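# Secondary and tertiary structure notes
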Amino acid sequence: MTKLRKAFSNLMKKIQSGKFVLTGELEPVKTTDLSSVIAEAKSLRGYVTACNVTDNPSSYAAVASLVSAHVVQKEAGMETIYQIRCADRNRIALTSDLLGAAVLGIKNVLTLTGDHTLLGDMPNAKPVFDLDATLLTGMVRRMVDEGKDLNGNDIEGPRPQFNIGVAANPNADPIEPEILKVVRKVENGADFVQTQVCYDIDKTIEFLKMFRMFSVPVLVGIFPMRSYGVAAEFDKFVPGVKVPKELLDKFKQVKQQSISKAEKREKYDRINIKFFAPFIKELKKSGLCAGCHIMSVHYVEIIPKLLAEAKIKKAAQKISPLAVASSPSS
Amino acid sequence: MIITTQKPLEEIMRTLQSYSNIMIVGCGTCATAVQTGGEPQVREMADKLRGKWFVDTVVVEAPCDERIARKDWREIQRQGRGKNIDAFLCLMCGAGVQTLAEIAELPCIPGLNTHFLGKVERIGLYYERCRACGNCHLGETAGICPVTRCAKGLMNGPCGGMIDGKCEVGGYVRDCAWFLIWQRLKKFGRMDLFRKVRPPREFGLEAYPRGIDAIPSHRIGRETTVMGPEETEKYIVKAIKEKAKQVKNAKSQDAPVVK
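Keep in mind the model is a prediction, meaning the values are calculated, not measured.

With that out of the way, let us pick up the overall build of chain B. For chain B, the count of helices and strands is 9 helices and 7 strands. A buried classification covers 39% of the 259 residues belonging to chain B. A sequence separation of at least 24 residues applies to 58% of the contacts in chain B between residues at least 6 apart. Surface accessibility of chain B: about 15200 Å² in total, with carbon and sulfur atoms responsible for 53%.

Written out as structure tokens, the structure reads:
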């Protein structure tokens, strides 16, 4: 159904080459200091092809994702997937930010509707939702393919070069309206799909099977959790996902044990590896997805261990040419 | 129905402090139906305020209809009741309060909070059903309005926050509008409508303040005038006469009518 579109980013090129692709996630917080994000991005080099940079996740105001994505590309040499959500910006602001992203050499955009502003740390903010993810996808597609904005006004100079990602939630129940919605996004011009965190392998495979006919690469989201606190918080506050009770209980048991921090760390790691390594293996074996999107925010040390267990080789560590290409000042 | 609830009595009393003669005005339409500004509520309010204020009461059939409100105000003045009034305490929606304020040119204190256009399930149970967006899509969404009932007002839902057909806003208690739309369109055998990508909303239609001039040839920018009611009326008469003259001239010259 979808024709093979031009790959602008390394991520898209790798997906199109048929390799099992991994992407990571970086979550800048409410700060003016991006050094920890850069360090995390650096430590992910070689393990993942590109990193998502979140845009005000859960509607908590954070440092601009566009700025962070640019800084990460420049300082850490890591290709980014710039997340942009409709909750905070109208079509004018979205257009201008996307043009800015093109100027800064960002090649991947993930279009999101965004969590409702009521769920965030400034619940009385005016929720924008001028567009939704489907319409935003169409808008970016038009910018890339036609060099025009949403209303058909010309963009001067070269057209922006983006590969467009969209989100899907295989946990949705019922799944049919969710699938049909993602199909709308694909029809409106998505290049690839990244899913919300998945825990249930059967459900995920079922989703991928249903989705196969649309021949759009899907990266399945997984979320190794650093501690019981993280898991519980995720379960409670992230809309649309629930952590399986058995897994949550395992984390809880570790938390309640009176052992040293290092031992706890060791146990948490083991739970994650035991749960997610077979998950990744199974996904890879199924051949239904293009790869995995590992959202181990602030928990990057698990990735090497996890990938070793899942028998996924690390790529030769080379600094992306983006580090040079996207720095206008140097 | 326009859904209103009564403001706390303390707030009303505080706002009324600087006045001594008040007229409590009820609304015979929506506020009567939801029992916030009908005759019993007006009477009740009068009982609470009497002693501290000189109180007169009236229920206008539809205070937001200028024609009716003006007629009733004239009648009140004819009866000599309007003379000493310092302020109106209005038990009606914001549209009524403002219409009354324009006509009577007296301070109008709102006694109610206006919430939304909604359905009345029964007294005390009201649910929003229309956002007055100016571009109704209900024919395509199985009679369920996504603009109103989706927390994000999405045209292409459901969003990723739907679990078991419930909405992420408010802790998965309320139904996801797009889930309901999907369910009902499926029942109607109209999944083609669900699969459709709906264009962006036209927020230009919602740029406020909004107004509709029913007869385009009489479009005279009345809303923007700062004239009193009598002058405004004179102005309208003048404008209509002028327009009529124009049309007559155009006809006599056998030219097409100017729109």
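Right, picking up where we left off after that structure.
A few words on the environment of Tyr60(A). Residues and elements named next belong to chain A. Relative to the helices and strands, tyrosine 60 resides in the loop between strand E2 (50-53) and helix H3 (65-76). With relative accessibility at 41%, the residue tyrosine 60 sits in the partly exposed group. Taking C-alpha positions, tyrosine 60 is 7.2 Å from methionine 122, a pair spaced 62 residues apart along the chain. Dropping the residues within four chain positions of it, tyrosine 60 is found in contact with Leu119, Gly120 and Asp121.

A word on H3(A). Residue and element names in this part refer to chain A. Spanning 12 residues, H3 covers 15 Å between terminal C-alpha atoms, matching the ideal 16 Å at 1.5 Å per step. Most of H3 is tucked away, with 9 of its 12 residues classed as buried. Buried within H3 we find Ser65, Leu66, Ser68, Ala69, His70, Val71, Val72, Gln73 and Ala76. Downstream of H3 by a residue or two, glycine 77 has a phi angle that is positive, lying close to 65 degrees.

With that out of the way, let us pick up the packing of aromatic side chains. Summed over the entire model, instances satisfying the criterion amount to 12 aromatic pairs over all chains. With 5.5 Å between their ring centres and 10 degrees between their planes, Phe207(A) and Phe211(A) make a pair best called stacked. Note that Phe207(A) and Phe211(A) are positioned in helix H7 (residues 201-212) at a spacing of 4 residues, about one turn of the helix. For Phe207(A), a relative accessible area of 1% translates into the label buried. Phe211(A) gets classed as buried once you look at its relative accessible area, which sits at 1%. By way of ring pairs, the aromatic residues Tyr199(A), Phe275(A), Phe276(A) and Phe279(A) are connected into one cluster. The residue whose ring lies beneath Arg184(A) is Phe194(B), and the NZ or CZ to ring-centre distance is 4.8 Å.

In this section: the domain arrangement of chain B. Along its sequence, chain B is organised into domain 1 (2-115), domain 2 (136-205) and domain 3 (216-252). Placing the centre of domain 1 of chain B and that of domain 2 of chain B at their C-alpha centroids yields a distance of 39 Å.

This part is about the side chain of Arg85(A). Residue and element names in this part refer to chain A. One can find arginine 85 in strand E3 (residues 79-85). A distance of 3.0 Å separates a polar atom in the side chain of arginine 85 from a polar atom in the side chain of serine 59. Those residues within four positions of arginine 85 in sequence are excluded, and the remaining contacts are Asp55, Asn56, Ser59, Leu94, Leu112, Thr113, Gly114 and Asp115.

Residues and elements named next belong to chain B. Counted according to the given criterion, the structure contains 0 disulfides over all chains. Unpaired in terms of disulfides, cysteine 93 finds its nearest cysteine sulfur in cysteine 64, a separation of 5.7 Å. Left without a disulfide partner, cysteine 133 is nearest to the cysteine sulfur of cysteine 145, which lies 6.1 Å away.

A few words now on the confidence of the model for chain B. Of all residues in chain B, 88% have pLDDT values of 70 or greater, and the mean over the chain is 88. Across residues 215-227 of chain B, confidence stays below pLDDT 50; counting only partners more than four residues off in sequence or on other chains, it has 12 contacts.

The interface is formed by 31 residues belonging to chain A together with 31 residues belonging to chain B. When the buried area of chain A at its contact with chain B is split by residue, Leu135(A), Pro177(A) and Arg184(A) rank highest and sum to 22% of it. A salt bridge links Lys186(B) to Glu176(A), with the shortest nitrogen-to-oxygen separation between them at 2.5 Å. Elements with a contribution of two residues or more to the side of chain A that touches chain B: helix H5 (133-146) and helix H6 (176-187) of chain A. Considering each element in turn, the side of chain A that touches chain B owes the most residues, 7 residues, to H6(A). Looking at the side of chain A that touches chain B, its residues break down into 13 nonpolar, 7 polar and 11 charged.

Looking now at the nonpolar core. In a soluble, globular protein the nonpolar side chains are often hidden away together inside. Among the nonpolar cores identified, the biggest contains 92 residues, and Tyr82(A), Leu98(A), Tyr199(A), Phe211(A) and Met225(A) are the most heavily contacted of them. In terms of residue count, the dominant contributor to this core is helix H10 (residues 261-286) of chain A (8 residues). If you look at the next biggest cluster of nonpolar residues, it comprises 36 residues, including Val58(B), Val60(B), Ala62(B) and Ile76(B).

Residue and element names in this part refer to chain B. The strand order E1-E6-E7 describes an open sheet built from 3 strands, whose pairing is antiparallel. A single partner strand is all that each edge strand has here, and the edge strands are strand E1 (2-6) and strand E7 (125-130). On average, each strand axis in the sheet is tilted by 70 degrees relative to the strand beside it, whichever way the strands run. Sheet topology note: the E1/strand E6 (residues 112-122) ladder contains 5 bridges and is antiparallel. Each residue of the ladder has a partner; that of glutamine 6, found in E6, is leucine 112.

Moving on, we get to the confidence of the model for chain A. Chain-level pLDDT for chain A is 91 on average; 95% of the residues reach the 70-or-more range. Note that pLDDT drops below 50 for residues 323-330 of chain A; the model gives that stretch 12 contacts with residues more than four away or on any other chain.

Residues and elements named next belong to chain B. Between helix H1 (residues 9-16) and helix H3 (residues 39-49), the shortest axis-to-axis distance is 12 Å and the interhelical angle comes to 65 degrees. Both H1 and H3 take part in a crossing whose hand is right-handed. Listed contacts from H3 to Leu9, Ile12, Met13 and Leu16 of H1 are Met45, Lys48 and Leu49. Broken down by class, the residue content of the contact of H1 with H3 amounts to 6 nonpolar, no polar and 1 charged.

As a further point, take the sheet that holds strand E2 (residues 21-27) of chain B. In any sheet, the strands associate via hydrogen bonds between backbone groups, in a parallel or an antiparallel arrangement. Residues and elements named next belong to chain B. What the 4 strands build is an open sheet, ordered E3-E2-E4-E5; its pairing is parallel. Of all strands in the sheet, those bounded by a partner on one side alone are strand E3 (54-60) and strand E5 (108-110). Within this sheet the neighbouring strands show an average axis-to-axis angle of 25 degrees, counted without direction. Relative to strand E4 (residues 87-91), E2 runs parallel, the two being bridged by 5 bridges. Counted as the bridge partner of isoleucine 22 is alanine 87 from E4.

The rules behind these values
Residues numbered from 1 in each chain as written. Chains lettered and ligands numbered in written order. Predicted model: local features only at pLDDT ≥ 70, side-chain atom pairs only at ≥ 80, totals over all residues. Heavy atoms only, no water. Helix = DSSP H or I, 4+ residues; strand = E, 2+ residues; numbered from the N terminus. Buried < 20%, exposed > 50% of the residue type's maximum accessible area, 1.4 Å probe, protein only. Contact = heavy atoms within 4.5 Å. Areas by Shrake-Rupley, 256 points an atom, 1.4 Å probe, with all protein chains shown as cover. Expected span 1.5 Å × (residues − 1). Phe/Tyr/Trp six-rings, centres within 6.5 Å; stacked < 30°, edge-to-face > 60°. Lys NZ or Arg CZ within 6 Å of the ring centre and 35° of its normal. Domains from an automatic or database assignment. Polar contact = N/O pair within 3.5 Å; in protein donor to acceptor, adjacent residues only side chain to side chain. Disulfide = S-S within 2.5 Å. pLDDT = per-residue confidence, 0-100. Buried area = accessible area lost by both parts, 1.4 Å probe. Salt bridge = Lys/Arg side-chain N within 4 Å of Asp/Glu carboxyl O. Nonpolar A, V, L, I, M, F, W, Y, C, P; charged D, E, K, R; others polar. Core = buried A, V, L, I, M, F, W, Y, C linked by side-chain atoms within 4.5 Å. Pairing = 2+ DSSP bridges. Axes fitted to C-alpha atoms, helices over the stretch in contact; angles between N-to-C directions. Left-handed = near helix turned anticlockwise from the far one by under 90°.

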